[in-house]
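Listed here are the chains, written in short residue letters.
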Amino acid sequence: MRTRFLFLTRGCKAVPELHKIVLANAAPVKNPEIRYASTENRNYYITTPIFYVNASPHLGHLYSAVIADCFHRHKQLQGFNSRFATGTDEHGLKIQQAAEAAGKEPLEFCTTVSERFRHLFSSCNISNTDYIRTTEQRHHRAVQHFWSVLCSKGLIYKGSYEGWYSTQDESFLTPSQVTTALDSTGKEIKVSLESGHKVEWMKEENYMFRLSGFRSQLLDWLRENPRAIQPERFHHSVLQWLQEELPDLSVSRQKSRLQWGIPVPEDDGQTIYVWLDALVNYLTVVGYPHNHERWWNVAHHIIGKDILKFHAIYWPSFLLGAGLPLPQTIHVHSHWTVAGKKMSKSLGNVIDPQERSQLFTTDGLRYFLLRQGVPDTDCDYRDDKVVKLLNAELADALGGLLNRCTATALNPAQVYASFCPDSFPRERGGRADDEDYRMLESVRHLPAVVEQHFEDMHVYKALEAVSTCVRQTNGFVQRHAPWKLDRKDSADQRWLGTIIHVSLECLRIYGTLLQPVVPEISNKLLSRLGVQPHERSWTNLNFLPRFEGKDCPFEGRALGSDSGVLFSRLESQRADQQKNRKMEKGSNLR
């Protein structure tokens, strides 16, 4: 059975001239011109998807938010004026049904779940500058204006849609995207090949968007901008999709089926399709339709791979139709599995991010997600992996290095020790060895390495580079064993000060670079070093100026107060269980 489009002889009420019908396979839409955003200004705008409120937030939602938050903080670190939006998607048939099942009014239901997302993001230090809900009046106004613009350009017409529809995905599907499966009773049903969710054959009169006319422009956009969709794997996926013709898209539902949504302007019998509604949120946040250009010209999206089609085909087509610039980048990430299996309620393996952030600390969970998350492949979550990684890299390596260099045993004066050029000369010949010079080179180039990995959306590689340098610095301290030096010998004393100075400089660079990832840990580390808030930006990443014969503003400065262990070691669940058993056994013996 194939999807058919039956076109009626009525146009969008706001646009009488649309009585003339254009078939789905008509020639590509002429003019709109593809507009690209300027990269010259110092503004930056990043978004997460808005999250559907049919269920409580899970680990994947937090992962999207943490990635966007990391990029937002990174740009602020570099002196950009950054704007960061997240929020909730609250319209659609799925929400309408979920509210009915819960015995609540839709808005009450949406508010309850939306607040769970807001609370999670707040507790996990997500520094969004806007939290948008699609039930807000500002969004209703933006969506209806956007619809009217598309109508005025002849891009929306009234027709009849007949084809497959997934309520769970709020998605229209072609026959090639549907397969046969058995439900829990053994009955044959049709399901989406991609999501596995049940689909139903739908036939109704509604409004259509001339998506078919934008295929060539989308291809031009992607071919001219190979970094428009990252990672490269997903860029190729979209190009592959565009090898086939695009059918026109149904962009409304009959109100008799869907009451919970934004009405079509001048036609109260129709409700705007939830994805057209939801995607416009990115414009709502920046003030559309008024004075939005400043921010919309520098837009970047973070999305999960499951919603790539909506963001890489539908959204650019809508924007082209409305005469607006396309996003600078669509960053796509993959999903998290648990012990190799997809998270699902039926398997009982859904990870509660709120619970895990309390168990492993907010910064600990953030670090794990960004350190282990690989954008172009699914990643596996296990509690023991979190414990092992955080103990190794935050507690032992980074925390141990800070503890060594600031402990009163090595640094009784509690100051940013002095550097001796004779002990560590630019030209070899002092007490430093070849490996020490290689370490200096690694740390000196680290900001540039981190910046490149961030540009490629490879935060995990940036953190791997930082971790490698932390290990090198620990090796430097271990090799020279400053605790064995003779404090009464002036040469040894100068070398001791130099070892500490170099190590503190390394820590200062690591703490500054890690601020977008683990803001609380970085603040604790930099405060312990005596680095003031105004000295923590990208412009302060001038590593070891004394080695270059320049002044160091930190040399001789008192360290900040000791606020305890940087990151406390975590015990594995197995160790906790063993400890509990021992305690129970001991209490029974008594």
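Keep in mind that this is a model prediction, so the values were computed, not measured.

1. A word on the overall build of the chain
Point 1. Assigned secondary structure in the chain consists of 18 helices and 20 strands.
Point 2. Oriented by its inertia axes, the alpha-carbon framework of the chain measures out at about 95 × 70 × 40 Å.
Point 3. A buried classification covers 57% of the 590 residues belonging to the chain.
Point 4. In the chain, the share of contacts with a sequence separation of at least 24, taken over all contacts with a separation of at least 6, comes to 78%.
Point 5. For the chain, the accessible area works out to roughly 25,900 Å², and carbon and sulfur atoms hold 49% of it.
Point 6. Positive and negative charge centroids in the chain, built from 71 and 67 side chains respectively, lie 2 Å apart.

2. So, the environment of Gly213
Point 1. Along the polypeptide, Gly213 turns up in the loop between strand 10 (200–209) and helix 5 (215–224).
Point 2. For Gly213, a relative accessible area of 2% gives the class buried.
Point 3. With 108 residues separating them in the primary sequence, Gly213 and Gly321 have C-alpha atoms 9.7 Å apart.

3. Here we look at the pattern of salt bridges
Point 1. Applying the stated rule across the entire model yields 31 salt bridges.
Point 2. For Arg356, the salt bridge is made with Glu355, and the minimal N-O distance between the two is 2.9 Å.
Point 3. You can call Arg356 buried: its relative accessible area is 13%.
Point 4. A salt bridge links Glu535 to Arg557; the nearest nitrogen and oxygen atoms lie 2.9 Å apart. Taken together, the positions of Glu535 in the loop between helix 17 (519–528) and helix 18 (573–589) and Arg557 in the loop between helix 17 and helix 18 put the pair 22 residues apart, joining distant regions of the chain.

4. Some remarks on the nonpolar core
Point 1. Judged by nonpolar contacts, the single largest core of 179 residues is most densely connected at Tyr45, Phe146, Trp296, Trp315, Phe318, Phe424 and Tyr510.
Point 2. Two domains each provide a minimum of three residues to this core, namely domain 1 (43–155 + 210–333) and domain 2 (379–558).
Point 3. When residues no more than four places from it in sequence are discounted, the contact partners of Tyr45 are Arg83, Ala85, Tyr282, Val285, Val286, Trp295, Trp296, Val298, Ala299 and His300.

5. Observations regarding the packing of aromatic side chains
Point 1. Throughout the structure, instances matching the rule amount to 25 aromatic pairs.
Point 2. Seen from their ring centres, Phe146 and Trp315 are 6.2 Å apart, and the 35° between their planes marks the pair as tilted. Of the two residues, Phe146 is situated in helix 4 (residues 137–152) and Trp315 in helix 10 (residues 308–322); the sequence distance between them amounts to 169 residues. There is no split in this pair, since Phe146 and Trp315 are both buried.
Point 3. Put simply, the rings of Tyr45, Phe146, Tyr282, Tyr288, Trp296 and Trp315 pair up and form one aromatic cluster.
Point 4. A cation over an aromatic ring shows up here: Lys309 above the ring of Phe310, its NZ or CZ 5.3 Å from the ring centre.

6. Notes on the pairing of strand 8 (residues 178–182)
Point 1. Taken together, the five bridges between strand 8 and strand 9 (residues 188–192) define a ladder with antiparallel strand orientation. Bridging across to strand 9, Val178 finds its partner in Ser192.
Point 2. Linkage of strand 8 to strand 9, two consecutive antiparallel strands, is achieved through a turn of five residues, within which Gly186 is found at a positive phi near 90°.

7. Focus: the sheet that holds strand 13 (residues 252–254)
Point 1. On the basis of which strands lie adjacent, the open sheet formed by three strands has the order 13-15-14 and antiparallel pairing. Edge strands, defined here as strands with exactly one partner in the open sheet, are strand 13 and strand 14 (263–264).
Point 2. Inspection of the sheet shows strand 14 paired to strand 15 (residues 267–272) by two bridges, in the antiparallel sense. Among the inter-strand pairings, Pro263 is bridged to a residue of strand 15, identified as Thr271.

8. Side note on empty space enclosed by the protein
Point 1. Evaluated as defined, the whole model comprises three cavities of 30 Å³ or more.
Point 2. Estimates place the volume of the largest cavity at around 80 Å³.
Point 3. When residues of the lining of the largest cavity are traced back to their parent elements, those giving at least two are helix 13 (383–406) and helix 15 (459–480).
Point 4. Here the element with the most residues in the lining of the largest cavity is helix 15; it accounts for five residues.

9. A closer look at the packing of helix 14 (residues 434–455) against helix 15
Point 1. At their nearest, the axes of helix 14 and helix 15 sit 9 Å apart, and the two run at 165° to each other. It follows that helix 14 is roughly antiparallel to helix 15 by the angle criterion. Crossing hand, helix 14 versus helix 15: left-handed. Between helix 14, through Glu435, Asp436, Arg438, Met439, Ser442, Val443, Leu446, Val449, Val450, His453 and Phe454, and helix 15, the contact on the second element is made entirely by Val459, Lys461, Ala462, Ala465, Val466, Cys469, Gln472, Thr473, Phe476, Arg479 and His480.
Point 2. The residue makeup of the contact of helix 14 with helix 15, split by class, is twelve nonpolar, five polar and five charged.

10. What to know about unusual backbone geometry
Point 1. A cis amide bond, omega -5°, links Gln230 with the succeeding residue Pro231.
Point 2. Among the secondary structure elements, Pro231 is positioned in the loop between strand 11 (229–230) and helix 6 (232–241).
Point 3. In the segment running from Tyr288 into Pro289, the intervening peptide bond is cis, with an omega of 10°.
Point 4. Looking at where Pro289 falls in the secondary structure, it is placed in the loop between helix 8 (281–284) and helix 9 (293–296).
Point 5. For Asn291, which is not glycine, the phi dihedral falls at a positive 55°.
Point 6. Structurally, the position occupied by Asn291 is in the loop between helix 8 and helix 9.
Point 7. Notably, Gln414 is not glycine yet its phi reads approximately 55°, a positive angle.

11. As for the UniProt feature "domain: Methionyl-tRNA synthetase anticodon-binding" (unreviewed entry) in the chain
Point 1. According to UniProt, the feature "domain: Methionyl-tRNA synthetase anticodon-binding" (unreviewed entry) maps to residues 429–539 in the numbering used here.
Point 2. The span residues 429–539 is 70% helical and 0% strand by assignment, and the distance between its end C-alpha atoms comes to 31 Å.

Basis of the calculations
Counting restarts for each chain: residues are numbered from 1 in the order of the written sequence. Totals for whole chains, interfaces and linings use every residue, but because this is a predicted model, local features are given only for residues with pLDDT of at least 70 and side-chain atom pairs only at 80 or more, for both listing and counting. For the side-chain quantities, the full set of heavy atoms in the structure was used; hydrogens and water were omitted. What counts as a helix is a DSSP run of H or I of at least four residues, what counts as a strand is a run of E of at least two, and both are numbered from the N terminus. Partly exposed residues are those whose accessible area sits between 20% and 50% of the maximum for their type, while under 20% is buried and over 50% is exposed, using a 1.4 Å probe and protein chains only. By the convention used here, residues are in contact when the closest approach between their heavy atoms is within 4.5 Å. To measure how exposed things are, a 1.4 Å probe is used in the Shrake-Rupley method; for residues, cover is taken only from the protein chains shown. His is not counted, nor are the chain ends, whereas Lys and Arg count as positive and Asp and Glu as negative. Just so you know, the charge point we use is NZ for Lys, CZ for Arg, CG for Asp and CD for Glu. Here, a salt bridge means any side-chain nitrogen of Lys or Arg that lies within 4 Å of a carboxyl oxygen of Asp or Glu. Nine residue types can take part in a nonpolar core, namely buried Ala, Val, Leu, Ile, Met, Phe, Trp, Tyr and Cys, and a core is a set of them joined through side-chain atoms within 4.5 Å. Residue ranges for the domains trace back to a domain assignment, done automatically or taken from a database. Classification of ring pairs uses Phe, Tyr and Trp, with its six-membered ring standing for Trp, and accepts pairs whose centres are within 6.5 Å; under 30 degrees between planes counts as stacked, over 60 as edge-to-face, and the remaining range as tilted. To sit over a ring, a charge needs its Lys NZ or Arg CZ within 6 Å of the ring centre and within 35 degrees of the ring normal. Whether two strands pair comes down to DSSP finding at least two bridges between them. Site definitions follow a grid-based scheme: protein atoms alone, a 1 Å grid, a 1.4 Å probe that fits but cannot get out for cavities, and for pockets an open set with protein on both sides within 12 Å along at least five of seven lines, plus lining residues having an atom within 4 Å of a point. Grid points are joined across faces, edges and corners, and a volume is the space filled by probe spheres set on the points. Helix axes are fitted only over the stretch in contact, all axes being lines through C-alpha atoms; the angle between N-to-C directions runs from 0 to 180 degrees. An angle counts as roughly parallel when it lies under 35 degrees, as roughly antiparallel when it exceeds 145, as roughly perpendicular when it falls between 65 and 115, and as oblique in every other case. By the definition used in this description, the sense in which the near helix is turned from the far one sets the handedness, with an anticlockwise turn below a right angle giving left-handed and a clockwise turn giving right-handed. Residues are grouped as follows: Ala, Val, Leu, Ile, Met, Phe, Trp, Tyr, Cys and Pro are nonpolar; Asp, Glu, Lys and Arg are charged; all remaining types, including Gly, are polar. UniProt positions are given in the numbering used here, feature names are shortened, and annotations may be inferred rather than shown by experiment.

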